[in-house]
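As a plain string of letters, each chain reads:
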Protein chains: 2
Amino acid sequence: MDKINIEEKFSLFNDHWSPKVIGELNGQQVKLAKVKGEFVWHSHENEDELFYIIKGNLTLEFRDKTVELSPGEMYIIPKGVEHRPIAENEVHLMLFEPAATKHTGQVIHELTVEKLDWI
Amino acid sequence: MDKINIEEKFSLFNDHWSPKVIGELNGQQVKLAKVKGEFVWHSHENEDELFYIIKGNLTLEFRDKTVELSPGEMYIIPKGVEHRPIAENEVHLMLFEPAATKHTGQVIHELTVEKLDWI
């Protein structure tokens, strides 16, 4: 395999809320996403999910609290915990989660992407 | 859980070649390491391993090639593939691998850390 340059990968797409897969290991995938605006409330029944911020400031809303994330910060959302990401301005982020993770969990929404592209 | 600030975590230790665990999800761990000099040749029989460079330039030697990694670049080493990380100057890196991954694989070396600390 080749090395993966994050900035180069981010330059390959511009759509929001549509994670792209950049790598896979041990049944887990590494994904990049550009997000802006409000996503939909959802949870992942069987998968913990890691958000790592590359650029911009992301708000993670939970039912009982709100977490603000800046570049160089990460948050691990345990399985089953409802969350909603919000980005006032565009945010670039990296996700680590099982390959089986559904984009919006059990929720089907107009933002739902069924099959993620590799870049 | 709380958010994890990478720079803050790096400020908590200075030893080389001794990864610290900063998070766990889906049986995988996120680790930070400061490295300098040459590590030992080793492989991980059952675990793929992801290196992501935060600061500095890392050389990853393989038996058949050499890969140079800069900040913002990552490399996924498939299980069973022998490798040796080399850092001419200090490198800060993030690792993503199964919690069961042994530091130096089947190799026991003076650099081997048996049980990694959480920070």
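What counts, and where the lines are drawn
- Residues numbered from 1 in each chain as written.
- Chains lettered and ligands numbered in written order.
- Predicted model: local features only at pLDDT ≥ 70, side-chain atom pairs only at ≥ 80, totals over all residues.
- Heavy atoms only, no water.
- Core = buried A, V, L, I, M, F, W, Y, C linked by side-chain atoms within 4.5 Å.
- Buried < 20%, exposed > 50% of the residue type's maximum accessible area, 1.4 Å probe, protein only.
- Helix = DSSP H or I, 4+ residues; strand = E, 2+ residues; numbered from the N terminus.
- Contact = heavy atoms within 4.5 Å.
- Least-squares fit on C-alpha atoms with pLDDT ≥ 70 in both.
- Salt bridge = Lys/Arg side-chain N within 4 Å of Asp/Glu carboxyl O.
- Buried area = accessible area lost by both parts, 1.4 Å probe.
- Polar contact = N/O pair within 3.5 Å; in protein donor to acceptor, adjacent residues only side chain to side chain.
- Nonpolar A, V, L, I, M, F, W, Y, C, P; charged D, E, K, R; others polar.
- Pairing = 2+ DSSP bridges.
- Phe/Tyr/Trp six-rings, centres within 6.5 Å; stacked < 30°, edge-to-face > 60°.
- Lys NZ or Arg CZ within 6 Å of the ring centre and 35° of its normal.

(A) Representation of the nonpolar core within the structure. By size, the foremost hydrophobic cluster in this structure holds 29 residues, and its most contacted members are Tyr 52, Met 74 and Met 94 of chain A together with Leu 50, Tyr 52 and Met 74 of chain B. A total of three residues in this core trace back to one element, the largest contributor, which is strand β4 (residues 49-55) of chain A. Residues contacting Met 74 of chain A, with those up to four places away along its chain left out, are Leu 50, Phe 51, Tyr 52 and Leu 69 of chain A together with Lys 3, Ile 4, Ile 6, Ile 22, Val 30 and Met 94 of chain B.

(B) Up close: the relation of the copies chain A and chain B. Once chain A is rotated about the relating axis by 180° and shifted along it by 0.0 Å, it coincides with chain B to within an RMSD of 0.0 Å. Read as a symmetry element, the transformation amounts to a two-fold axis. An overlap of 100% is found between the interface residues of chain A and their copies at the interface of chain B, pointing to a shared contact surface.

(C) Geometry of the environment of Gln 106 of chain B. All names here are of chain B. Relative to the helices and strands, Gln 106 resides in the segment after β8 (83-98). Using a relative accessible area of 57% as the deciding quantity, one classes Gln 106 as exposed. Taking the C-alpha atoms as reference, Gln 106 lies 7.9 Å from Glu 45; in sequence the two are 61 residues apart. Once residues lying within four places of it in the same chain are set aside, the contact partners of Gln 106 are Ser 43 and Glu 45.

(D) Spatial organisation of the pattern of salt bridges. Residues and elements named next belong to chain A. Evaluated as defined, the whole model comprises 12 salt bridges over all chains. Put simply, Asp 15 and Lys 20 hold a salt bridge, and the shortest N to O gap is 2.9 Å. Taking the relative accessible area as the measure of exposure, Lys 20 reaches 6% and is therefore buried. A salt bridge links Glu 38 to Arg 84; the nearest nitrogen and oxygen atoms lie 3.0 Å apart. Of this pair, Glu 38 sits in strand β3 (residues 28-38) while Arg 84 sits in strand β8 (residues 83-98); the two residues are 46 residues apart in sequence, bridging distant segments of the chain. For Arg 84, a relative accessible area of 16% corresponds to the buried category. When salt bridges with common partners are traced through the structure, they connect Glu 38, Glu 61 and Arg 84 into a single cluster.

(E) Layout of the interface of chain A and chain B. On the side of chain B, 32 residues touch chain A, which itself brings 32 residues to the contact. Contact between chain A and chain B buries roughly 2600 Å² in total, counting both sides, with carbon and sulfur atoms accounting for 61%. The salt bridge involving Glu 73 of chain B is made with Lys 3 of chain A; its shortest N-O contact spans 3.2 Å. Our enumeration of links across chain A and chain B arrives at 12 residue pairs in polar contact (both at pLDDT 80 or more). Residue assignment for the side of chain A that touches chain B shows that the elements contributing at least two residues are β1 (4-5), β2 (20-25), β3, β4, β6 (66-69), β7 (73-77) and β8 of chain A. The class makeup of the residues in the side of chain A that touches chain B is 17 nonpolar, six polar and nine charged. In this structure, β1 of chain A lies alongside strand β7 (residues 73-77) of chain B, joined through two bridges in antiparallel fashion. Along β7 of chain B, the bridge assignment pairs Asn 5 of chain A with Glu 73 of chain B.

(F) Geometry of the packing of aromatic side chains. Going through the model one piece at a time under the given rule, you end up with eight aromatic pairs over all chains. An angle of 20° between the planes, with centres 4.7 Å apart, marks the rings of Trp 17 of chain A and Phe 39 of chain A as stacked. Residue Trp 17 of chain A is located in the loop between α1 (6-10) and β2, and its partner Phe 39 of chain A is located in the loop between β3 and β4; the two are separated by 22 residues in the primary sequence. Accessibility assignment for this pair places Trp 17 of chain A and Phe 39 of chain A in one class, buried. Sitting above the plane of the Phe 62 of chain B ring, Lys 65 of chain B keeps its charged end 5.8 Å from the centroid.

(G) How the structure looks around the environment of Ile 53 of chain A. Residue and element names in this part refer to chain A. Checked against the element boundaries, Ile 53 lands in strand β4. Counting along the chain gives 21 residues from Ile 53 to Met 74, while the straight-line C-alpha distance between them is 6.3 Å. Residues contacting Ile 53, with those up to four places away along its chain left out, are Leu 58, Leu 69, Ser 70, Pro 71, Gly 72, Glu 73, Val 91, His 92 and Leu 93.

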